[in-house]
Amino acid sequence: PGSKANLGAESLAASAAMTVLKRTCSADLSVRDAKIRKIMGCDQGGHMYECSRYVWWDKRAHAFSEPDRKFSSKRMAMLYLAKMNSASLEEFLRECGKQWTDVCASSGVYALSPNMPFDLDHFLELPDEVLEDYAKIVGNTMSVRKAPKGTIYRYEAVALATTEVQELCQILES
């Protein structure tokens with residue numbers, strides 16, 4: 001203990017451990033970055049996506065709509081709606097003692113694909129159109145099944161009427 005040989009060996013071991021830790025952290029970051037890219041999507045810009053929620057209780061004797069979150073990409077909004085509408089339906093199912101497959105059809109007018117509660121890893125692989133259809137159908141299921149209370153999430157694309165840099169340059173230079 002305390003000899004130069006032992007200190008050198010300890011230093012070498014610590015350095016090797018640090019290298020493994022850096023590689024692990026680097027791999028974790030690249031996986032996290034990939035997940036973030038899948039969440040954001042490749043929106044071309046020009047719009048903001050405003051979500052709202054419609055809340056009702058007492059068999060819709062009482063209801064209101066209120067603004068919720070805003071997103072910079074349609075994909076982010078679609079993932080959010082899919083997650084939140086799925087959670088609302090799951091809450092309704094718990095309260096009435098039913099299973100997902102009891103109320104969500106795999107075929108027919110109200111067919112749901114994928115016919116499952118929201119799962120992030122699975123849903124990240126779905127195209128935007130499928131996410132949008134899923135969120136609408138899951139939300140609609142609450143109405144079709146006449147849930148006595150619940151929340152349905154929706155969105156609206158809002159054009160960002162911003163001044164482009166070229167136009168600003170013309171204004172500034174005149």
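Note that this is a predicted model, so its numbers are computed, not measured.

Chemist: When you look at the nonpolar core in this model, what are you seeing that I'm missing?
Modeler: One broad trend across soluble globular proteins is that nonpolar side chains are buried collectively. In this structure, L81, L89, W100, F123, Y134 and M142 are the most contacted members of the largest nonpolar core, which totals 29 residues. Only β1 (47-57), α2 (74-96), α3 (100-103), α5 (128-144) and β3 (150-159) provide two or more residues apiece to this core. Here this core takes nine residues from α2, the largest share from any one element. Once residues within four sequence positions are removed from consideration, F123 is found in contact with R75, L79, A82, P114, M116, P117, F118, L131 and Y134.

Chemist: Just checking my understanding: could you explain unusual backbone geometry for this structure?
Modeler: Backbone geometry follows two general trends: most residues other than glycine have a negative phi, and most peptide bonds adopt the trans configuration. The omega angle of the peptide bond from S113 to P114 is 0 degrees, so this bond is cis rather than trans. Looking at the secondary structure, you find P114 in the loop between α3 and α4 (120-123). The backbone of D58 sits at a positive phi, close to 55 degrees, despite the residue not being glycine. With respect to the secondary-structure elements, D58 resides in the loop between β1 and β2 (62-71).

Chemist: What is the right way to read the packing of aromatic side chains from this model?
Modeler: Aromatic ring pairs are defined here through the distance separating the ring centres and the angle between the ring planes. Applying the stated criterion across every chain yields a total of seven aromatic pairs. Aromatic side chains W57 and F64 sit 5.8 Å apart centroid to centroid with 70 degrees between the ring planes, which places their arrangement in the edge-to-face category. You can call W57 partly exposed: its relative accessible area is 38%. When its relative accessible area of 34% is taken as the criterion, F64 is described as partly exposed. With centroids separated by 5.9 Å and ring planes inclined at 85 degrees, the aromatic side chains of Y80 and Y153 adopt a geometry described as edge-to-face. One end of the pair, Y80, is in helix α2; the other, Y153, is in strand β3, with 73 residues separating them in the sequence. No difference in accessibility class separates Y80 from Y153, as the two residues are buried.

Chemist: Just checking my understanding: could you explain the environment of A161 for this structure?
Modeler: Turning to its location among the elements, A161 is positioned in the loop between β3 and α6 (165-173). Separated by 115 residues in the primary sequence, A161 and G46 place their C-alpha atoms 7.6 Å from one another.

Chemist: Sorry if this is basic, but what is going on with the pattern of salt bridges here?
Modeler: Opposite charge on two side chains permits them to pair, given that their charged atoms come into close proximity. Counted under the stated rule, the structure contains nine salt bridges. Two residues, R75 and D128, come together in a salt bridge whose shortest N-O distance is 2.7 Å. Placement of the pair is R75 in helix α2 and D128 in helix α5, with a sequence separation of 53 residues. Its relative accessible area of 7% is what places R75 among the buried residues. Residue class for D128 comes out partly exposed when judged on its relative accessible area of 24%. E132 is the partner of K136 in a salt bridge, and the nearest nitrogen-oxygen pair spans 3.8 Å.

Chemist: It is not clear to me how α2 should be interpreted in this structure. Could you clarify?
Modeler: Because each turn of an α-helix spans 3.6 residues, side chains separated by three or four positions end up pointing in the same direction. With 23 residues, α2 extends 33 Å from end C-alpha to end C-alpha; this agrees with the ideal 33 Å at 1.5 Å per step. In the segment just after α2, G97 is the residue with positive phi, at about 70 degrees.

Chemist: Help me understand the sheet that holds β1 in this model?
Modeler: Backbone-to-backbone hydrogen bonds pair the strands of a sheet. The strands run either parallel or antiparallel. Ordered in space as β2-β1-β3, the three strands form an open sheet in which the pairing is antiparallel. Lying at the two open borders of the sheet, with one neighbouring strand each, are β2 and β3. Between one strand axis and the next, the sheet turns through 25 degrees on average, direction left out of account. Bridge count for β1 against β3 is ten bridges, and the pairing is antiparallel.

What counts, and at which threshold
Residues numbered from 1 in each chain as written. Predicted model: local features only at pLDDT ≥ 70, side-chain atom pairs only at ≥ 80, totals over all residues. Heavy atoms only, no water. Core = buried A, V, L, I, M, F, W, Y, C linked by side-chain atoms within 4.5 Å. Buried < 20%, exposed > 50% of the residue type's maximum accessible area, 1.4 Å probe, protein only. Helix = DSSP H or I, 4+ residues; strand = E, 2+ residues; numbered from the N terminus. Contact = heavy atoms within 4.5 Å. Phe/Tyr/Trp six-rings, centres within 6.5 Å; stacked < 30°, edge-to-face > 60°. Salt bridge = Lys/Arg side-chain N within 4 Å of Asp/Glu carboxyl O. Expected span 1.5 Å × (residues − 1). Pairing = 2+ DSSP bridges. Axes fitted to C-alpha atoms, helices over the stretch in contact; angles between N-to-C directions.

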